Amino acid sequence: MGKIKLIIILIIFMLISCNNKNSHTEEEYFQNGKLKSVFYYDDLNNQVKSQEYFETGKLKEATSFKKNRQSVSFFYNEQGNLIGKKYRIDSINTIQYEYHKNKKIKAFGPLYNNNKNGWWKIYNDKGQLIQKDEIFTIEGKEVLNQRIKYDLDGREIKLQSDTFTIKLADTLNIGRSIGSIKCKPTFSKDSKYAVYVGQGINPDFSNLNTVKLDTFYSTNKDDIWFGIQNFWKEKHKRLSRRNAL
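Thresholds, definitions, all that
- Residues numbered from 1 in each chain as written.
- Predicted model: local features only at pLDDT ≥ 70, side-chain atom pairs only at ≥ 80, totals over all residues.
- Heavy atoms only, no water.
- Helix = DSSP H or I, 4+ residues; strand = E, 2+ residues; numbered from the N terminus.
- Buried < 20%, exposed > 50% of the residue type's maximum accessible area, 1.4 Å probe, protein only.
- Contact = heavy atoms within 4.5 Å.
- Pairing = 2+ DSSP bridges.
- Phe/Tyr/Trp six-rings, centres within 6.5 Å; stacked < 30°, edge-to-face > 60°.
- Lys NZ or Arg CZ within 6 Å of the ring centre and 35° of its normal.

Draft legend 1. A look at the overall build of the protein chain. When helices and strands are counted, the protein chain shows one helix and 20 strands. The 245 residues of the protein chain split such that 33% are buried. Within the protein chain, counting contacts between residues at least 6 apart in sequence, those at least 24 apart form 30% of the total.

Here you go:
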């Protein structure tokens, strides 16, 4: 029995050795000879993890790769403190976390094509939610669309918040329909508003020049309206409002 067990162990060891014979690493160095980055690959030449370093030798970034282009990355400052984390859902969408020095979450929210896009939550260094921002990246610039402020008891501070409500029938009948937007208050007295009505608008508005749109502008926050011409009965199309800072 002892010999049989020994043979099985040797066979398993040989199989493992064969399977890993093509796995390898690629390294890059600073001019001073210190390690700058290292990339790890499996036997199918798929990247499984990577590490990047400061010239001081401290870890700067560590990433583990999964299937379907998913990955998780951790970011550190030169003092070795965790300052951020990213969960890449696919090639376009990512969830990003930012941290205070005491390791409590400072902010987190979605990225679209590596740009902030959607609702972000902001916390103080005690872990309390103090603000929510809706952010879009338009023409390479981050635009604040809505903001909700909270007190330390978690209640909305309405006088410091900038939100809006859209009034439009959930189901649109054939013909023309009118919608309206009510805002309170504005980020700036010089704010301008643009309402884009259309189909197939990218989440980052990157295709506004190529999709068919009806666009309505307003400088009066008390009278923001828009119209829709509908040719068949359906649920209303996606609406997007942009507030210029």
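Following the structure, the description resumes.
Draft legend 2. Structural detail: the pairing of strand S11 (residues 129–138). Most of S11 sits out of view: seven of its ten residues are buried. Bridging between strand S10 (residues 118–123) and S11 involves six bridges; their strand directions are antiparallel. Following the sheet pairing, Trp119 is matched in S11 by Glu134. Two successive antiparallel strands, S10 and S11, enclose a turn made up of five residues, where Gly127 displays a positive phi of approximately 90 degrees. In this sheet, strand S12 (residues 141–149) lies alongside S11 in antiparallel orientation, the contact comprising eight bridges. Considered in S12, the bridge of Glu134 is made with Gln146. Counting the residues between successive antiparallel strands, the hairpin from S11 to S12 contains two residues, one of them, Glu139, with a positive phi of roughly 55 degrees.

Draft legend 3. Layout of the packing of aromatic side chains. Enumeration over the complete set of coordinates arrives at three aromatic pairs. Relative to Phe108, the ring of Tyr97 has its centre 5.2 Å away and its plane inclined at 15 degrees; by these criteria the two rings are stacked. Here the residue Tyr97 occupies a position in strand S7 (residues 93–99), and Phe108 occupies one in strand S8 (residues 105–112), the gap between them amounting to eleven residues. A centroid spacing of 6.3 Å and a plane angle of 15 degrees characterise the contact between Phe108 and Tyr123, whose relative ring orientation is stacked. On the criterion of sequence distance, the pair formed by Phe108 in strand S8 and Tyr123 in strand S10 is long-range, its members being 15 residues apart. Overall, Phe108 belongs to the partly exposed group, its relative accessible area being 23%. Geometry around Tyr40 places Lys49 over its ring, the cationic atom sitting 4.6 Å from the centre. The positively charged end of Lys85 is found above the aromatic ring belonging to Tyr97, 5.4 Å away from the centroid.

Draft legend 4. Examining the side chain of Ser50 more closely. Examined against the element boundaries, Ser50 turns out to sit in strand S3 (residues 47–53). Owing to a relative accessible area of 6%, Ser50 belongs among the buried residues under this scheme. Not counting residues up to four positions away in its chain, the partners in contact with Ser50 are Val38, Phe39, Glu61, Ala62, Thr63 and Phe65.

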